[in-house]
Amino acid sequence: MKQFQPPSFLAGIEKSVIRQISDRATPDCIRLGLGEPDLPTPQFIRDAATRVIQQEQNGYTLQAGLPALQEQVAKSYPHLRLSPEDVIITAGSQEAMYLALMTLVRPGDEVLIPNPGFVAYATITQMAGGRAVYYRLPAEDNFSFDKDEFRRAINEKTRVVICTSPSNPTGRAFTQSELQEIANAVQENGSSAYIVSDEIYRDLYYTRTRPGSISEYYPNTIVISGLSKSLSMTGWRLGWMCGNRDVIASALVLHGYVTTCANTVSQKTALVAWSDEADSARAHHRKTFHTRRDHLLQQLSRAGFIAIEPEGAFYTMVDIREHGSSMEIAERLLEAGVVTIPGSAFGSEGEGFLRVSFCADLPALEEGVKRMALGLKSGNGNG
């Protein structure tokens, strides 16, 4: 039998390093790897889902989603003056990112991606036939935005700029002035570039106010978000993309062939995510993760680690440059019973760091840091 050969657009693409590391964890490992909230989905959401399942007929929705849910999403971005037709309800924000890049990127186009940045950006760009180009968020400056680096990276071939705030993996959030700087640079470049704004962590923040959206400064923005992180609904697969009507119309065709429509029960349930109860739940989740962030940073400092203080999301980047490569250290710590993700998975600027999640309770965070310290000590002793 002839050996199977995948199509060229999948050449060299494998399961992400995040999954490769996490999937090898044993049951007794402390899991500080995957970006998945461990908090339960709020009870009022589960109650709504139970009612929908028991009392309603749950066939397909329209391909773009429930009109009532599209309307709620559209209202969430008043500055964009969206109508429900400018919104697609997707199977999580990951599908939304896939739809956006596969719709916008043509063969040979350049996609400007943050370095470090989420692993899927470059992979989907490759699938679309585009070329990934990176703007550095320099490690030596705590992964802050560098306007000169950004301006050097953008050019007339840039088709899409990806903006992620708060960031996965660093947890850093762009300031209002930095968002304005990004918008100015794209506009001054004279290109017809789109910005794709990944805002899945925007409701998980530890600053005084919610981080801004680049869509407030650059109208030609496709916004991607969802409920997975802020309301602990990862498995519900409920996200959205919204923005330019022509882009959304094209993406809807692809969406129809990929998933037909997002999960109907999840869509109907999600209508309660725009309520006072939902606002309270988000605030509770923020407070919980804020406490965990501070506790983890304290534990890391006591153990002799240097870590970045995130402004949002639920990750910190831990400096392990003096111990070896990030992949080697992540493998060593996995053997020591703690899951972390090598920074190299997110780009060259992440090398020498580990992404450590605080999606775990306080005792687990303490034990995780203890195992990290022991694992490094044992490895150094063997070296």
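As a starting point, this report considers the structure included with it.

What the chain contains, in helices and strands, is 12 helices and 13 strands. A compact globule built from 383 residues would reach a C-alpha radius of gyration of about 21 Å, and the chain, at 21 Å, matches this within 12%.

For the rest of this paragraph, the subject is the environment of I124. Positionally, I124 belongs in helix α5 (residues 120-127). Residue contacts for I124: discarding those within four places in its chain leaves M97, Y98, L101 and M102.

What follows covers the packing of aromatic side chains. Under the defined criterion, the tally for this structure stands at 12 aromatic pairs. Within the aromatic cluster, the residues linked to one another by ring pairs are Y201, Y206, F289, F314, Y315 and F358.

What follows concerns the side chain of S83. Mapped onto the secondary structure, S83 falls in the loop between α3 (67-75) and β2 (87-90). Given a relative accessible area of 17%, S83 falls into the buried group. A distance of 2.9 Å separates polar atoms of two side chains, one belonging to S83 and the other to E85. Polar contacts involving the side chain of S83 include one to the side chain of R245, which spans 2.6 Å. With near-sequence residues (within four places) excluded, S83 lies in contact with A74 and R245.

Bringing helix α11 (residues 326-335) into the picture now. Considered for burial, the residues of α11 that qualify are S326, I329, A330, L333 and L334. Buried residues of α11, viewed axially, fall in a sector of 140°; they line one side. Turned more than 90 degrees from where α11 packs its buried face, E328 and E335 sit exposed. Where α11 terminates, the next one or two residues include G337, which has phi positive at roughly 95°.

So, on to the environment of A25. Checked against the element boundaries, A25 lands in the loop between α1 (17-22) and β1 (30-31). Counting along the chain gives 309 residues from A25 to L334, while the straight-line C-alpha distance between them is 7.0 Å. With sequence-adjacent residues up to four places away left out, A25 is seen in contact with R31, L334 and V339.

With that settled, consider unusual backbone geometry. Going from N115 to P116, the amide bond is cis rather than trans, its omega being 10°. With respect to the helices, strands and loops of the structure, P116 is situated in the loop between β3 (110-115) and α5. For the bond running from S165 to P166, omega is -5°, close enough to zero to count as cis. Considering the arrangement of structural elements, one finds P166 in the loop between β5 (158-164) and α7 (176-188).

Spatial ordering of the open sheet is given by β9-β10-β13-β12, a layout of 4 strands whose pairing is antiparallel. Looking at the sheet topology across the chains shown, the edges are occupied by β9 (306-307) and β12 (341-342). Pairing geometry for strand β10 (residues 315-319) and strand β13 (residues 353-357), over 5 bridges, is antiparallel. Considered in β13, the bridge of V318 is made with L354. The strands touched by α11 are β12 and β13; relative to β13, the strand with the most contacts, the crossing angle is about 45°.

So, how was this worked out
Residues numbered from 1 in each chain as written. Predicted model: local features only at pLDDT ≥ 70, side-chain atom pairs only at ≥ 80, totals over all residues. Heavy atoms only, no water. Helix = DSSP H or I, 4+ residues; strand = E, 2+ residues; numbered from the N terminus. Rg over C-alpha atoms; globule rule 2.2 N^0.38 Å. Contact = heavy atoms within 4.5 Å. Phe/Tyr/Trp six-rings, centres within 6.5 Å; stacked < 30°, edge-to-face > 60°. Buried < 20%, exposed > 50% of the residue type's maximum accessible area, 1.4 Å probe, protein only. Polar contact = N/O pair within 3.5 Å; in protein donor to acceptor, adjacent residues only side chain to side chain. Arc of directions from axis to C-beta. Pairing = 2+ DSSP bridges. Axes fitted to C-alpha atoms, helices over the stretch in contact; angles between N-to-C directions.

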